[in-house]
Amino acid sequence: MSPLLTLTGVHTHIGRYHILQGVDFTVPEGETTMLLGRNGAGKTTTLRTIMGLWRASAGSIRLAERAIEKDATPDISRAGLAYVPETMAVFSDLTVRENLVLAARDAALDDTRLAWIFGFFPALKKFWLSRAGTLSGGQKQMLSIARAIVEPRRLLLIDEPTKGLAPAIVGALVECLMEIKRGGTTVLLVEQNFRVAQAVGDRVCVMDNGRIVHAGAMAEFAGDEGLQQKLLGLSLDTHQ
Amino acid sequence: MTAIDSGAALPKRRADFIPALLPVALALAALPFIGSSSTWITLTVAGLSMGMMIFAMASGLTLVFGLMDVLNFGHGAFIAVGAYMAALVLAPLAGWTQADALWSGLAALLPAVIVAMGVSAALSIAFERALIRPVYGQHLKQILVTMGGLIVAEQLLYALFGPQLIALPLPTALRGSIVFGDAAVEKYRLLAVIVGLVIFATLILILTRTKIGLLIRAGVENREMVEALGYRIQRLFIGVFMAGSALAGLGGVMWALYREQVHASVAQELTVLMFIVIIIGGLGSVTGCFIGAILVALVANYAGFLVPKLALVSDILLMVVILLWRPRGLFPVTSR
Ligand SMILES: Nc1ncnc2c1ncn2[C@@H]1O[C@H](COP(=O)(O)OP(=O)(O)O)[C@@H](O)[C@H]1O
Ligand SMILES: [Mg+2]
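Residues numbered from 1 in each chain as written. Chains lettered and ligands numbered in written order. Predicted model: local features only at pLDDT ≥ 70, side-chain atom pairs only at ≥ 80, totals over all residues. Heavy atoms only, no water.

**Q** In this structure, what is going on with the overall build of chain A? I would like to understand it.
**A** Helix and strand counts for chain A come out as eleven helices and ten strands. Here the C-alpha radius of gyration of chain A, 17 Å, is about what a compact globule of 240 residues would show, namely 18 Å. Judged by the C-alpha coordinates and their principal axes, chain A covers about 45 × 40 × 35 Å. Restricting to contacts in chain A with at least 6 residues of sequence separation, those with at least 24 account for 69%. Taken as a whole, chain A presents about 9300 Å² of accessible surface, with 50% of it coming from carbon and sulfur. (Helix = DSSP H or I, 4+ residues; strand = E, 2+ residues; numbered from the N terminus. Rg over C-alpha atoms; globule rule 2.2 N^0.38 Å. Contact = heavy atoms within 4.5 Å. Areas by Shrake-Rupley, 256 points an atom, 1.4 Å probe, with all protein chains shown as cover.)

Below, the structure written as structure tokens:
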């Protein structure tokens, strides 16, 4: 498939630190691409650079045919990117509903789509008018993902959605990610839980020290424990 | 499908009403010390009206800090601008201001308020462009640059209107007192309380019932995420900056009429007080600013009567006590 997102030679500096040192990869349209790598490899920085929250100091980022590396974050968002940050960043003083109203931008909340979201995240329906700050960690993560899918977007960037969540909640998130995928939405997903990565990923890119050190099909990567060991420094059984 | 609903684990947030009760508690606690109930009513209304004026002035300041982390020590300039605009507009309207009918007094104030708010808002655009935008994210520079801006604004006002005090008589219809039992309450103070309540209610309605308001509250909490959802926080900020400056201008009109004089030194005089109020309230919180302003003003009035020697430092003492209890203010909203 043709790539929806293409990063070519992307460098990012944070202050005087040179974090991304020439990142190259593509995200094919309609698939889920996993971005893996050790802590501190630069995954979050990559997603933030794509969103324009850090400025790329060199290289190009293209969404289909459009160069977005110089665009402001709101323009990148309006070009069709939705971002679920590692911190979830729900607006805790606002209700669940108000969080989604802002995420829908100019569109009104769509009942059919909400019903679809409530299907895998029933807690959001239950706490519809509660302040997001009162939700549990897992519920906040659901809200953060719901914000990204409340309207159809072209590309979802999701950063470690299962981090610190109970297994039951991880299951619901995997359901949701599979469902998003079935709907044909393109996803770039950072995930440390290898079982989750294996379940939802079509393709995989592995980062280390601010560079992509491996890119290929998920099935192939999942079958090669030696490669996993080498790139992620963790074997499957210790990873759980 | 894994249906999960960990609702049982939901931590219920206690409604945080204690800070809102503080002014009531303070007023009741002061009563036995003051003794006479008529004096107490007079002092309390004086405190409330002063609090409302400070609230009008400081509400913009707290939102500007909350939204963009901007410490604007030049905010007071818009108070002074508002006050001079009132003097300018009211001078030729002496016919109305000196009439006995309430409606003509209010009719004279209306254009003064509109001009004061409009001019403050318009000047704030230039102020933001020239002084605030170049120093985003740099607190020390913000303080120095905006303080410099305040001094320049003050000198410009002296150059335009002269260094002398300008008298600003209160419209005749707003003079005098209304007597409740044996307590006399100045009419103008009642008007100030009403105006303050209207401003507070309007701000709360905007913040809770409109999309712009939701965006402002969301931006105070996490402006990156607001941008990542596709909104230009810069535009929102300029809007808030203008509205906050307009409110400072309105506060300037109210304050000048209360003092019945206009002078540019009011800008510096009130700057520290406004910062004390928004720190007490919790930076970024309009409700906090409202409660904080009332507390500061009540304490100032009670202390001025009971222990005049303490009156000068009463606001600082109040701030210290509140911050010992709640280090991020009464209503902490930002993570900063
Ligand atoms: N705000 C920052 N300031 C300085 N260094 C940072 C900042 N954010 C991340 N880094 C550094 O950049 C590197 C990559 O971080 P990050 O992208 O968060 O990694 P990952 O998400 O893969 O764990 C790390 O070495 C981290 O210390
Ligand atoms: Mg990370």
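**Q** Help me understand the sheet that holds strand β3 (residues 32–37) of chain A in this model?
**A** Across a sheet, paired strands are connected by hydrogen bonds in the backbone, their directions being either parallel or antiparallel. Residues and elements named next belong to chain A. Pairing is mixed in the open sheet, where six strands are placed in the order β6-β7-β8-β3-β9-β10. At either margin of the open sheet sits one strand with a lone partner, and together these are β6 (81–84) and β10 (211–217). Averaged over all adjacent pairs, the angle separating strand axes in this sheet is 15°, with direction ignored. Across four bridges, β6 lies against strand β7 (residues 155–159) in parallel orientation. Paired with Y83 across the strands is L157, a residue of β7. (Pairing = 2+ DSSP bridges. Axes fitted to C-alpha atoms, helices over the stretch in contact; angles between N-to-C directions.)

**Q** So what exactly am I meant to see when it comes to the sheet that holds strand β4 (residues 56–63) of chain A here?
**A** All names here are of chain A. Here we have four strands laid out as an open sheet, ordered β2-β1-β4-β5, and antiparallel in their pairing. Bordering the open sheet on either side are β2 (17–28) and β5 (66–67), each of which pairs with just one other strand. Where β4 lies against β5, two bridges are found, and the strand directions are antiparallel. For L63, the partnering residue across the bridge sits in β5 and is R66.

**Q** Looking at this model, I keep getting lost on a nonpolar patch on the surface. Mind explaining?
**A** Residue and element names in this part refer to chain B. On the surface, F33, F305, L306, V307, L310, L312, V313, I316, L317, V320 and L324 cluster together to form a nonpolar patch covering roughly 1100 Å² of accessible area. Contributions of two or more residues to the nonpolar patch are made by α12 (286–306) and α13 (314–325). A per-element tally of the nonpolar patch places α13 first, with four residues. Take L306: it is sitting in helix α12. (Patch = residues over 30% accessible without salt bridge, like charges linked within 9 Å, V, L, I, M, F, W, Y side chains within 5 Å. Salt bridge = Lys/Arg side-chain N within 4 Å of Asp/Glu carboxyl O.)

**Q** Would you take a moment to explain the confidence of the model for chain B for this structure?
**A** Detailed reading of the predicted model is not advised wherever pLDDT is low. Residues and elements named next belong to chain B. Chain-level pLDDT for chain B is 90 on average; 95% of the residues reach the 70-or-more range. Counting interchain partners and residues more than four positions distant, the pLDDT-below-50 stretch residues 1–13 has 30 contacts. Interface confidence for the predicted complex, expressed as ipTM, amounts to 0.94; the pTM equals 0.89. (pLDDT = per-residue confidence, 0-100.)

**Q** How do you make sense of the coordination of the magnesium ion (ligand 2) when you look at a structure like this?
**A** Ideal donor angles around a metal are set by the shape: a four-donor tetrahedron calls for 109.5 degrees, a six-donor octahedron for 90 or 180 degrees. Residues and elements named next belong to chain A. For the magnesium ion (ligand 2), the full set of protein donor atoms is T44 (OG1) and E86 (OE), at a range of 2.0 to 2.8 Å. With a gap of 42 residues between them, T44 in helix α1 (residues 43–50) and E86 in the loop between β6 and α3 (96–103) connect regions that are remote in the sequence. Relative accessible area serves as the criterion here: at 23%, T44 is assigned to the partly exposed category. (Donors = N, O, S within 2.8 Å, 3.2 Å for Na, K, Ca; no water. Buried < 20%, exposed > 50% of the residue type's maximum accessible area, 1.4 Å probe, protein only.)

**Q** Could you clarify how one ought to interpret helix α3 (residues 76–90) of chain B in this entry?
**A** Count 3.6 residues to each turn of an α-helix, and residues three or four apart come out pointing the same way. Compared with an ideal rise of 1.5 Å per residue, which puts 15 residues at 21 Å, α3(B) spans 21 Å between its outermost C-alpha atoms and is within 8% of the ideal. The buried fraction of α3(B) is high, at 14 of 15 residues. (Expected span 1.5 Å × (residues − 1).)

**Q** Can you walk me through the pattern of salt bridges in this structure?
**A** Within this structure, the stated rule accounts for 14 salt bridges over all chains. Taking the shortest distance from any N to any O, the salt bridge between E128(B) and R133(B) comes out at 2.9 Å. Residue classification places E128(B) among the buried positions, given a relative accessible area of 2%. Between R175(B) and E260(B) there is a salt bridge, and its shortest N-O distance comes to 2.8 Å. Remark: E260(B) occurs in the loop between α10 (233–259) and β4 (261–262) and R175(B) occurs in the loop between β1 (166–167) and β2 (177–180); sequence separation between them is 85 residues. By relative accessible area, E260(B) is classed as partly exposed at 30%. Here the salt bridges do not stand alone but share partners, grouping D93(A), R131(A) and R217(B) into one network.

**Q** Is there a simple way to explain the domain arrangement of chain A in this structure?
**A** Often the size quoted for an interface is simply the accessible area lost on bringing the parts together. Residue and element names in this part refer to chain A. Domain assignment breaks chain A into domain 1 (1–80 + 154–240) and domain 2 (91–152). The distance between the C-alpha centroids of domain 1 and domain 2 comes to 24 Å. Taken together, the twelve residues of domain 1 in the interface contact twelve residues of domain 2. Summing both partners gives a buried area of about 1100 Å² for domain 1 against domain 2, and 71% of it is carried by carbon and sulfur. When the buried surface of domain 1 facing domain 2 is broken down by residue, R78, C176 and E179 rank first, second and third, together holding 34% of it. Counting the contacts that link domain 1 with domain 2 gives one salt bridge. Among the salt bridges present, the one from D106 reaches R78, with a minimum N-O distance of 3.5 Å. There are three residue pairs in polar contact (both at pLDDT 80 or more) connecting domain 1 and domain 2. Of all the secondary structure elements, the ones that give two or more residues to the side of domain 1 that touches domain 2 are α2 (73–78) and α7 (167–182). Top element by residues in the side of domain 1 that touches domain 2 is α7. It accounts for six residues. (Domains from an automatic or database assignment. Buried area = accessible area lost by both parts, 1.4 Å probe. Polar contact = N/O pair within 3.5 Å; in protein donor to acceptor, adjacent residues only side chain to side chain.)

**Q** I tried to follow the site of ligand 1 on my own but got confused; where do I start?
**A** Residue and element names in this part refer to chain A. Taken together, the residues surrounding ligand 1 are I14, I19, R38, N39, G40, A41, G42, K43, T44, T45 and W54. Within the backbone of K43, a nitrogen or oxygen atom sits 2.8 Å from an oxygen atom of ligand 1. Within the side chain of T44, one N or O atom sits 2.8 Å away from an oxygen atom of ligand 1. Starting from 560 Å² of accessible surface for ligand 1 in isolation, the protein chains cover 62%. The element that contributes the greatest number of residues to the shell around ligand 1 is α1, accounting for three residues. Residues belonging to the shell around ligand 1 are distributed by class as follows: four nonpolar, five polar and two charged. (Near = heavy atom within 4 Å. Nonpolar A, V, L, I, M, F, W, Y, C, P; charged D, E, K, R; others polar.)

**Q** Just to check I follow, could you spell out the interface of chain B and chain A for this structure?
**A** In this assembly, 26 residues from chain B lie in contact with 41 residues from chain A. Between chain B and chain A, a total of about 3100 Å² is buried, with carbon and sulfur atoms accounting for 60% of that surface. In this structure, R48(A) and E224(B) form a salt bridge, with 2.7 Å as the shortest nitrogen-oxygen distance. Linking chain B with chain A are eleven residue pairs in polar contact (both at pLDDT 80 or more), by the criterion used here. Of all the secondary structure elements, the ones that give two or more residues to the side of chain B that touches chain A are α8 (211–221) and α9 (223–228) of chain B. At six residues, α8(B) tops the list of elements feeding residues into the side of chain B that touches chain A. For the side of chain B that touches chain A, the residue count by class is twelve nonpolar, six polar and eight charged.

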